[in-house]
Amino acid sequence: MSFLWTWVGAAFGLTFGHSLGALILGALIGWVVDTMRHQRRRLRAQRQFVAPLFAVLGALAKADGRVSQAEISVAERMMQRFNLDATQRAGAIARFNAGKQAGFQLAPALAELRRICAPQPQLAWAVLDVLAEVAYAEGAASQAGFQLLQQTAHALGFGDMQLLALLMMRGYAMPQGAAGAWQQQGYQQAYQRGSRQAPASRSSGPDPYAVLGVERSSDDASIKRAYRKLISQYHPDRLGDLPEELRRRAERRASEINTAWEAIKGERGIV
């Protein structure tokens, strides 16, 4: 959040009021203006997400040929978490239903999501996190749903290993058919290594090396560079005016990156 008008108000109060009280009053008025501007920007950012995001959610839900109650519940939960008003909710439902249709054109919706997310990698990760929750609404993704999720990840600029990292962190399993296809590319071994119980030197959870997108054989300098690059992208100070639900997910990603780095530092004795 920018505090431009807070500083302007404080300076105005001090210049023309010549007292601490005038400075505080001016700063308070400026802060109110900054807060209102920030809320308006966040609402605009939220509105632009509704159409493409819920259209892709509908396509994911229908990927296996039917839409389950669990998938509908996740979509409804997302509407609540995004704090959609009645008009926005109606629009989200309409786009979700459009995404379920057999003739739905997925490519334009994915292109729109990528355009919105392009300036901020952490935003794209948060969107992929939301979509994965729908794909795994029933506890496991269908092969068709997983392939659509993979297509979405690629459209948002993520590679297969980054998608794997997300799956491991959320405890999601790959469908049997997809696992067999990925095994030919060498990804299945990485998934099994990253999602199994961690060694005794660490607590249970996803492999921290997979979270940072590095191999366990990487040297300390390479791992440190990977960590610094990721945390610079996902640091909360760089999130900007995101919808609150996407901000929460992006902040969780930053926390996971830091947790992985601390685990690796402890394991290797990095200072």
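Residues numbered from 1 in each chain as written. Predicted model: local features only at pLDDT ≥ 70, side-chain atom pairs only at ≥ 80, totals over all residues. Heavy atoms only, no water.

**Looking at the overall build of the protein**
Now for step 1: A count of helical and extended segments in the protein gives 13 helices and zero strands.
Now for step 2: Sequence-ordered secondary structure for the protein, helices as α and strands as β, is α-α-α-α-α-α-α-α-α-α-α-α-α.
Now for step 3: For the protein, the residues scored as buried account for 46% of the 271 residues in total.
Now for step 4: Partitioning the contacts of the protein with sequence separation of at least 6, the portion at a separation of at least 24 is 72%.
Now for step 5: For the protein, the accessible area works out to roughly 13,600 Å², and carbon and sulfur atoms hold 55% of it. (Helix = DSSP H or I, 4+ residues; strand = E, 2+ residues; numbered from the N terminus. Buried < 20%, exposed > 50% of the residue type's maximum accessible area, 1.4 Å probe, protein only. Contact = heavy atoms within 4.5 Å. Areas by Shrake-Rupley, 256 points an atom, 1.4 Å probe, with all protein chains shown as cover.)

**As for a nonpolar patch on the surface**
Now for step 1: A surface patch of nonpolar side chains, about 470 Å² in accessible area, is lined by Leu25, Leu28, Ile29, Trp31 and Val32.
Now for step 2: Within the fold, Leu25 resides in helix α2 (residues 20-61). (Patch = residues over 30% accessible without salt bridge, like charges linked within 9 Å, V, L, I, M, F, W, Y side chains within 5 Å. Salt bridge = Lys/Arg side-chain N within 4 Å of Asp/Glu carboxyl O.)

**Structural notes on the environment of Glu245**
Now for step 1: Relative to the assigned elements, Glu245 resides in helix α13 (residues 244-268).
Now for step 2: Residue classification places Glu245 among the buried positions, given a relative accessible area of 5%.
Now for step 3: Between the alpha carbons of Glu245 and Val130 there is a distance of 9.1 Å; along the sequence they are 115 residues apart.
Now for step 4: Apart from the residues lying within four places of it in its own chain, the contact partners of Glu245 are Met78, Arg81 and Phe82.

**What to know about helix α8 (residues 160-170)**
Given 3.6 residues per turn, any residue in an α-helix points the same way as the ones three and four places further on.
Now for step 1: With nine of eleven residues buried, α8 is to be regarded as a mostly interior element.
Now for step 2: When we look at burial in α8, the residues that qualify are Asp160, Leu163, Leu164, Ala165, Leu166, Leu167, Met168, Met169 and Arg170.
Now for step 3: Two residues or fewer past α8, Gly171 is found with a positive phi of approximately 75°.

**With respect to unusual backbone geometry**
Now for step 1: The residue Asn83 is not glycine, and still its phi comes out positive at about 55°.
Now for step 2: Mapped onto the elements, Asn83 comes out in the loop between α3 (69-81) and α4 (86-100).
Now for step 3: The class of Asn83 is exposed, set by a relative accessible area of 59%.

**Description of the pattern of salt bridges**
Now for step 1: Applying the stated criterion across every chain yields a total of 13 salt bridges.
Now for step 2: A salt bridge links Arg115 to Glu112; the nearest nitrogen and oxygen atoms lie 2.7 Å apart. Of this pair, Arg115 and Glu112 both sit in helix α5 (residues 106-117), three residues apart, roughly one helical turn.
Now for step 3: One salt bridge in this structure joins Arg216 and Asp207, with 3.4 Å as the shortest N-O distance.
Now for step 4: Residues participating in the shared-partner salt-bridge network are Arg77, Arg81, Asp129, Glu133, Arg170, Arg249, Arg252 and Glu256.

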